[in-house]
Amino acid sequence: MNEIFSVWFLIGAALVFWMQAGFAMVEAGFTRAKNTGNILMKNLMDFCIGTVVFIAVGFGLLLGEDVVGIIGKPGFDIFSDYAGFDWSNFVFNLVFCATTATIVSGAMAERTKFISYCVYSAIISAVIYPIEAHWIWGGGWLSEMGFHDFAGSCAIHMVGGISALIGAKMLGPRIGKFTKDAKGKIVKVNAFLGHNLPLGALGVFILWLGWYGFNGAAATSTDQLASIFVTTTIAPAVATVVCMIFTWIKYGKPDISMCLNASLAGLVAITAGCDVTDAFGSIVIGAISGLLVVFGVWFLDNKLRIDDPVGAVAVHCLNGIWGTLAVGLFATTSAPGNDSFTGLFYGGGFELLGIQFVGFAAVAAWTTVTITIAFLLIKAIFGLRVSAEEEITGLDSTEHGLPSAYAGFSIMDISNTMTMNINDNTDLGVPDFEQAPGYIKDSAVKVFREPATDFDSGMHKVVIIARLSKYDSLKKALNDLGVTGMTVTQVMGCGIQKGAGDMYRGVEVDATLLPKVKVEVVVSKIPVENVIEASKKALYTGHIGDGKIFVYNVAKVVKIRTGEEDMAALQDVE
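(A) Representation of a nonpolar patch on the surface within the structure. Where nonpolar side chains cluster on the molecular surface, the patch consists of Ile115, Val369, Ile373, Leu377, Ile381 and Phe382 and spans about 570 Å² of accessible area. It is helix α13 (residues 351–381) that provides the largest number of residues to the nonpolar patch, a total of 4 residues. Tracing the chain through its elements places Phe382 in the loop between α13 and α14 (388–393).

(B) Summary view of the environment of Val557. Looking at the element boundaries, Val557 is found in the segment after β11 (547–553). For the pair Val557 and Phe341, spaced 216 residues apart in the sequence, the C-alpha separation amounts to 85 Å.

(C) Here's a closer look at unusual backbone geometry. Positive phi is not limited to glycine here, since Val68 has a value of about 50 degrees. When you line up the elements, Val68 lands in the loop between β1 (66–67) and β2 (71–72). Classification of Val68 by relative accessible area gives exposed; the value is 72%. Its identity as a non-glycine residue notwithstanding, Glu110 has a phi of 80 degrees, on the positive side. Mapped onto the elements, Glu110 comes out in the loop between α4 (87–107) and α5 (114–137).

(D) Layout of helix α12 (residues 312–330). Its 19 residues place the ends of α12 25 Å apart at the C-alpha level, agreeing with the 27 Å of an ideal helix rising 1.5 Å per residue. At Asn319, α12 is deflected by roughly 30 degrees, the largest bend along its length. Counted residue by residue, α12 has 17 buried out of 19 residues, so it is predominantly covered.

(E) Structural context of the pattern of salt bridges. Inspection of the entire model under this criterion finds 15 salt bridges. The shortest N-O distance in the salt bridge between Arg174 and Asp307 comes to 2.7 Å. Highlighted residues: Arg174 in the loop between α7 (153–171) and β3 (178–180) and Asp307 in the loop between α11 (279–304) and α12, separated in sequence by 133 residues. Note that Arg449 is salt-bridged to Glu529, the shortest N-O span being 3.0 Å. Of this pair, Arg449 sits in strand β5 (residues 445–449) while Glu529 sits in helix α18 (residues 528–539), and the two are 80 residues apart along the sequence. Shared partners join several salt bridges into a network, and the residues in it are Arg32, Glu110, Arg174 and Asp307.

Rules of the game
- Residues numbered from 1 in each chain as written.
- Predicted model: local features only at pLDDT ≥ 70, side-chain atom pairs only at ≥ 80, totals over all residues.
- Heavy atoms only, no water.
- Patch = residues over 30% accessible without salt bridge, like charges linked within 9 Å, V, L, I, M, F, W, Y side chains within 5 Å.
- Areas by Shrake-Rupley, 256 points an atom, 1.4 Å probe, with all protein chains shown as cover.
- Salt bridge = Lys/Arg side-chain N within 4 Å of Asp/Glu carboxyl O.
- Helix = DSSP H or I, 4+ residues; strand = E, 2+ residues; numbered from the N terminus.
- Buried < 20%, exposed > 50% of the residue type's maximum accessible area, 1.4 Å probe, protein only.
- Expected span 1.5 Å × (residues − 1).
- Bend = angle between axes of the 7 residues up to and from the residue.

Set out below in structure tokens:
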């Protein structure tokens with residue numbers, strides 16, 4: 001049996017390593033496409049740099065011979081006594097260490113210098129995490145006191161979350177995140193939509209899978225492992241349901257990205273007590289974390305005015321704290337393998353809760369002081385933030401020389417379903433085209449013509465901008481007229497009608513890029529007015545913004561294949 005659990009211990013470590021992919025996908029999906037390569041590179045280097053410094057310094061500080069309960073004695077047994085080295089513990093603690101540094105990346109995304117990120121990632125992995133983790137898991141003073149953090153709500157997630165909070169505060173918000181009045185007072189929070197929520201959702205599922213290793217790898221019996229799997233499933237599921245219901249009530253629609261955050265929040269919160277809680281405790285812990293993550297995102301945006309693109313602080317800091325304290329409330333000896341921890345709600349009094357509070361306060365104080373010093377030093381030596389020009393251009397290009405992480409792919413949603421919601425404020429009152437008077441038709445589909453001149457070649461270019469959902473009806477209308485040749489381009493249109501009230505992560509969306517279709521035709525025999533009228537009829541829904549039509553005179557047309565010119569060149573397309 002010991003051999004089986006030794007193998008499971010390493011499989012669990014592999015699952016935790018796989019969580020790096022999940023963190024990369026969540027962060028990339030929740031941010032803008034122009035920074036995707038930078039984010040992938042940061043998540044890769046978290047682990048690689050972390051491995052180097054963990055070999056050199058971190059492992060000894062964490063699991064070396066205890067020195068007065070504060071630090072482990074640094075050593076190089078991995079080189080001097082490889083045959084007798086504890087390989088399993090090294091790998092297991094390395095992957096946990098890398099997770100701590102990764103958490104910080106999301107809150108500081110889209111505006112941090114890459115060199116500065118590498119430096120503070122190394123500092124976290126080399127010093128900040130190993131020392132406080134020694135207090136908890138390496139035989140340090142907190143473990144001697146009876147502090148319990150089975151898999152890292154405090155040691156990993158809260159530490160990463162506090163570092164993220166301080167880093168995001170010192171770094172400042174992304175350009176355009178907050179609107180200020182003439183006096184410099186923030187009057188509005190602006191939503192920056194994640195460019196790829198499917199990628200973000202994939203990341204969440206990867207993380208959830210990895211969390212079974214994260215929480216369960218250190219289990220020492222089959223019953224304990226099974227119980228950990230149960231609590232690790234219940235808490236995030238309940239958190240997500242509670243978040244869905246709450247955002248549905250508060251914002252009018254269930255918020256997708258917030259629910260994805262809630263799944264992670266529930267996982268973070270159950271991590272400390274996954275081995276000592278039962279189903280009821282897991283439900284309560286998950287329910288509160290589902291509310292706490294929504295509050296955290298709102299609080300950072302609207303009160304602290306700190307820009308956290310992925311919700312790292314709400315997920316990891318607030319729920320890391322909550323999960324740590326929840327052990328003192330919900331620990332029960334009915335959980336397999338727990339004979340010593342009993343929380344307040346199960347008759348254990350305030351003793352364990354007090355110990356958990358001391359542990360939280362000590363680790364929080366250590367992290368706050370050390371990461372602040374680290375960021376101040378990095379800021380003085382390298383600078384923390386890229387220039388405004390680099391931020392606007394995108395870090396893929398300016399930091400890595402990468403034109404796009406999506407080279408060769410369209411990042412536009414080309415389905416007919418992603419269209420602007422109909423807004424009652426744009427309703428012109430007559431939904432039927434045949435019954436609508438001319439001025440309403442003109443308001444719905446505006447026509448723009450070149451200024452009148454004496455020149456008229458008899459050939460006209462008509463450019464039509466419309467919703468993607470109207471492309472098929474527009475094409476049919478033009479084909480029915482006899483227009484058989486057209487150029488079609490997928491384009492992005494900026495804007496959303498005022499008053500629509502769409503929300504993203506609790507913030508109203510004022511403007512966004514929406515997919516449109518641009519159809520270009522050139523006609524001569526077919527009267528241009530017929531093309532305009534057929535197009536207006538095809539696009540009309542009775543709302544402002546149904547489409548736009550631009551009409552130009554064409555001076556010359558040449559068909560390359562045959563050399564035909566002007567009207568002769570158009571005969572096979574109309």
